[in-house]
Amino acid sequence: MDIVINMRVKELRKEKKETQVQVAAAIGVAEQYYQKLEYGTNLPGIENAWKLADHFNVTIDYLVGRTDKR
């Protein structure tokens, strides 16, 4: 299974018309950490995955590509 979380968080952020800084602040991480998530050089731990899912109102399964149902 391909890791798609980087593409999904970027797509969701753009849909909400938010900046990387705004999302990083909303989930309580450094901007650089969030940027690395989008670039695919970092993977979030479970706590940050929950925060991202809650922020974007999607499931963790959607974020990680296990389903296309948000």
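Residues numbered from 1 in each chain as written. Predicted model: local features only at pLDDT ≥ 70, side-chain atom pairs only at ≥ 80, totals over all residues. Heavy atoms only, no water.

Draft legend 1. Quick look at the environment of His 55. Mapped onto the elements of the fold, His 55 is located in helix H4 (residues 46-56). The spacing of His 55 and Ile 27 is 28 residues in sequence and 7.3 Å in space, taken between C-alpha atoms. Sequence-distant contacts of His 55, that is, excluding residues within four places in its chain, are made with Lys 16, Glu 18, Val 23, Ala 26 and Ile 27. (Helix = DSSP H or I, 4+ residues; strand = E, 2+ residues; numbered from the N terminus. Contact = heavy atoms within 4.5 Å.)

Draft legend 2. Region of interest: the packing of helix H2 (residues 20-27) against helix H3 (residues 31-39). At a minimum axis distance of 9 Å, the contact between H2 and H3 shows a crossing angle of 110 degrees. The angle between H2 and H3 falls in the class roughly perpendicular. The crossing of H2 and H3 is right-handed. When H2 is examined against H3, the residues Gln 20, Val 21, Val 23 and Ala 24 are found in contact with a partner set consisting of Glu 31, Tyr 34, Gln 35, Glu 38 and Tyr 39. (Axes fitted to C-alpha atoms, helices over the stretch in contact; angles between N-to-C directions. Parallel < 35°, antiparallel > 145°, perpendicular 65-115°, else oblique. Left-handed = near helix turned anticlockwise from the far one by under 90°.)

Draft legend 3. Spatial organisation of the confidence of the model for the protein. Across the protein, pLDDT averages 94, with 97% of residues at or above 70. Considering each helix and strand of the protein separately, the mean pLDDT is smallest for helix H5 (residues 60-64), with a value of 94, and largest for H2, with 98. (pLDDT = per-residue confidence, 0-100.)

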